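An overview of the molecular structure
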Amino acid sequence: MAKPVSIEVWNPSGKYRVISTKAMPGTRWIRLLTDQDCRVEICTSKKTILSVEDILALIGEKCDGVIGQLTEDWGEALFSALSRAGGKAFSNMAVGYNNVDVNAANKYGVAVGNTPGVLTETTAELAASLSVAASRRIVEADEFMRAGLYDGWLPHLFVGNLLKGQTVGVIGAGRIGSAYARMMIEGFKMNLIYYDLYQATRLEKFVTAYGEFLKANGEQPVTWKRAGSMEEVLREGDVISLHPILDKTTYHLINKERLSIMKKEAILVNCSRGPVVDEVALVEHLKENPMFRVGLDVFEDEPYMKPGLADMKNAIVVPHIASASKWTREGMATLAALNVLGKIKGYPVWSNPNNVEPFLNENSPPPAACPSIVNAKNLGLTASKL
Ligand SMILES: NC(=O)c1ccc[n+]([C@@H]2O[C@H](COP(=O)([O-])OP(=O)(O)OC[C@H]3O[C@@H](n4cnc5c(N)ncnc54)[C@H](O)[C@@H]3O)[C@@H](O)[C@H]2O)c1
Ligand SMILES: O=C(O)[C@H](O)CO
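Residues numbered from 1 in each chain as written. Chains lettered and ligands numbered in written order. Predicted model: local features only at pLDDT ≥ 70, side-chain atom pairs only at ≥ 80, totals over all residues. Heavy atoms only, no water.

Some remarks on the pairing of strand 4 (residues 65–68)
Residues Gly65 and Ile67 of strand 4 are buried on one face, and the alternating residues Val66 and Gly68, pointing to the opposite face, are buried as well. In this structure, strand 2 (residues 16–20) lies alongside strand 4, joined through three bridges in parallel fashion. Of the residues in strand 4, the one forming a bridge with Ser20 is Ile67. The sheet contact formed by strand 4 and strand 5 (residues 89–92) spans four bridges and is parallel. When the bridges of strand 5 are listed, Gly65 appears paired with Ala89. On the question of chirality, the crossover connecting strand 4 to the parallel strand 5 by way of helix 3 (residues 76–84) is right-handed. (Buried < 20%, exposed > 50% of the residue type's maximum accessible area, 1.4 Å probe, protein only. Helix = DSSP H or I, 4+ residues; strand = E, 2+ residues; numbered from the N terminus. Pairing = 2+ DSSP bridges. Right-handed = clockwise from strand over helix to strand, strands pointing away.)

Digging into the site of ligand 1
Of all residues adjacent to ligand 1, which total 26 residues, the nearest are Arg175, Ile176, Asp196, Cys271 and Asp297. One of the backbone N or O atoms of Ile176 is found 3.0 Å from an oxygen atom in ligand 1. With respect to ligand 1, the side chain of Arg273 contributes an N or O atom lying 3.3 Å from an oxygen atom. About the coverage of ligand 1: the protein hides 90% of its 870 Å² of free accessible area. Looking at the shell around ligand 1 residue by residue, the class counts come to twelve nonpolar, ten polar and four charged. (Near = heavy atom within 4 Å. Polar contact = N/O pair within 3.5 Å; in protein donor to acceptor, adjacent residues only side chain to side chain. Areas by Shrake-Rupley, 256 points an atom, 1.4 Å probe, with all protein chains shown as cover. Nonpolar A, V, L, I, M, F, W, Y, C, P; charged D, E, K, R; others polar.)

Here's the deal with the domain arrangement of the chain
When the parts of a complex come together, some accessible area is lost, and that lost area is often used as the size of the interface. When its domains are assigned, the chain resolves into domain 1 (7–118 + 324–379) and domain 2 (120–317). Of note, the centres of domain 1 and domain 2, computed from C-alpha atoms alone, are 33 Å apart. If you sort the residues of domain 1 by the area they bury against domain 2, Asn98, Gly117 and Asn354 come out on top, with a joint share of 46%. Scanning the region where domain 1 abuts domain 2 turns up zero salt bridges. Joining domain 1 to domain 2, the criterion identifies five residue pairs in polar contact (both at pLDDT 80 or more). (Domains from an automatic or database assignment. Buried area = accessible area lost by both parts, 1.4 Å probe. Salt bridge = Lys/Arg side-chain N within 4 Å of Asp/Glu carboxyl O.)

Let's talk about helix 3
Buried within helix 3 are the following residues: Leu78, Phe79, Ser80, Ala81, Leu82 and Ser83. Backbone geometry just after helix 3 places Gly86 at a positive phi near 90 degrees.

Details of the packing of aromatic side chains
Following the criterion strictly, the structure yields seven aromatic pairs and no others. Each ring, one from Phe79 and one from Phe90, has its centre 5.7 Å from the other, and the planes form 80 degrees; the classification is edge-to-face. Here Phe79, found in helix 3, pairs with Phe90, found in strand 5; they are eleven residues apart in sequence, far enough to count as distant. Summarising the burial analysis for this pair, Phe79 and Phe90 share the class buried. An angle of 15 degrees between the planes, with centres 6.4 Å apart, marks the rings of Tyr210 and Phe213 as stacked. With Tyr210 and Phe213 both in helix 8 (residues 201–216), this residue pair falls three residues apart, about one helical turn. The structure contains a cluster of three or more aromatic residues connected by ring pairs, namely Trp74, Phe79 and Phe90. Looking at Arg182, its charged tip hangs above the ring of Phe206, at a distance of 3.4 Å from the centre. (Phe/Tyr/Trp six-rings, centres within 6.5 Å; stacked < 30°, edge-to-face > 60°. Lys NZ or Arg CZ within 6 Å of the ring centre and 35° of its normal.)

Some thoughts on the nonpolar core
Across soluble globular proteins, you tend to see nonpolar side chains buried next to one another. Ranked by size, the top nonpolar core spans 62 residues in total, and within it Trp29, Leu33, Ile67, Tyr180, Ile185 and Leu192 carry the most contacts. Counting residues per element, this core draws most heavily on helix 12 (residues 326–345), at nine residues. Two domains each put at least three residues into this core: domain 1 (7–118 + 324–379) and domain 2 (120–317). Not counting residues up to four positions away in its chain, the partners in contact with Trp29 are Ser20, Met24, Val40, Ile42, Ile67, Ala333, Thr334 and Ala337. Of all hydrophobic cores here, the second largest spans 29 residues; its members include Tyr195, Ile240, Val283 and Val294. (Core = buried A, V, L, I, M, F, W, Y, C linked by side-chain atoms within 4.5 Å. Contact = heavy atoms within 4.5 Å.)

Re the side chain of Glu279
Tracing the chain through its elements places Glu279 in helix 11 (residues 279–288). An unpaired buried charge is present at Glu279: no salt bridge exists, and Lys306, the closest side chain of opposite charge, is 6.7 Å distant. Looking at Glu279, its side chain comes within polar contact range of the main-chain nitrogen of Lys306, at 2.8 Å. When neighbours within four sequence positions are excluded, Glu279 is seen to be in contact with Phe299, Glu300, Met305, Lys306 and Leu309. (Lys, Arg positive; Asp, Glu negative; His and termini not counted.)

Describing the environment of Arg293
Positionally, Arg293 belongs in strand 12 (residues 293–296). Separated by 29 residues in sequence, Arg293 and Lys264 have C-alpha atoms that sit 9.1 Å apart. Other than its neighbours up to four places away in sequence, Arg293 contacts Ala134, Ser135, Arg137, Glu140, Val159, Asn161, Ala266, Ile267, Leu268 and Asn314. Engagement of the side chain of Arg293 in a polar contact is seen with the side chain of Asn161, the distance being 3.3 Å.

Thoughts on the sheet that holds strand 7 (residues 167–171)
With respect to topology, seven strands assemble into an open sheet ordered 9-8-7-10-11-12-13, the strand pairing being parallel. The open sheet terminates on both sides in strands that have one partner only, identified here as strand 9 (224–226) and strand 13 (315–317). When strand polarity is set aside, the average angle formed by the axes of neighbouring strands in this sheet is 15 degrees. Pairing geometry for strand 11 (residues 267–270) and strand 12, over four bridges, is parallel. When the bridges of strand 12 are listed, Leu268 appears paired with Val294. Along the sheet, helix 7 (residues 175–188) contacts strand 7, strand 8 (191–195) and strand 10 (239–242); its crossing angle with strand 7, the most-contacted strand, is approximately 175 degrees. (Axes fitted to C-alpha atoms, helices over the stretch in contact; angles between N-to-C directions.)

Here it is in structure tokens:
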């Protein structure tokens, strides 16, 4: 029997019992629930990652919905328990939901929410930050200064790569991949090559228009190319950023063989999911290619890094902070809460997960809809006409 987990309670007499496995930024998400007669229980355990047993203890005998985290194992055990407790609403506080067994949720009729759109620019900005930091060796130079090693300007000191006119590669040109591509193209006048299962028509049109603007102003136009294979991106890219979902087709997408065809001085950035990269192979590649650099926000065995990675000077590593801007994290909490609330209230599902702005405007009530339910079709949920 799992020992009880500490909680903070809002609106104790609320009709519906909603659990959040973590405290989340802002208070709007709480108010949106309590205003709709929900009792909100926020887990205050100091454990960073809750176990299935911890969450089972939180769910208890009666629970109408849960807001969970990408670090939690949402499968048969938790969805069956939630269903037994009368609950049919779950949301990840994340756009990625590879930690969720959606088939298990379908089996118990539980809606699975996620939080797309609100983190697109924030995540893309961190990928761009890692790209620049790696290309100009900013972290190494910072450590050099703090170590008191600087004794004057030198022609070769921390020489890095110019981005202008170089090729930025994107694997996974969805919301975040396209936003990142635009930042690198419009910000640094890079040329794009991308690989995705689908054509990124809107991105192509933006790059074409920007190229025409530059040409009309006497500058070298930027270009785009849709690669016929991932290998084409890896061969041609100077800076390559990974933005696919994590599923069985993208597990170890970047492996020893694919690393070997990349330019020796290329930069690889990963702000998608750690297992998209074979991290053991990456460490070996970094050891054998000191001019190859990486910027990593996610890791194969989070929260741990594979042996040797922490020692690599040609690696920049940060702890899964790509969506960590105040506006974005508060917005993710709001969307996750509204997914759960919407399912509890029987609201329809918003028709455009790429435009969640109406749910984020603090000056007006959110639409009576669930922002994003990934298994809406499986559950036969109604689509909103708003
Ligand atoms: N590090 C972070 O904090 C952070 C923040 C946000 C999102 N993410 C991750 O980024 C992912 C993408 O988010 P998004 O909002 O851009 O999602 P999205 O669905 O808009 O884009 C994902 C893209 O990946 C493409 N794709 C899928 N399988 C592919 C394959 N085998 N090869 C090439 N492309 C493939 C899809 O076609 C789609 O265009 C999320 O699923 C999540 O795992 C991480
Ligand atoms: O999938 C996501 O949303 C990120 O990994 C967390 O912000």
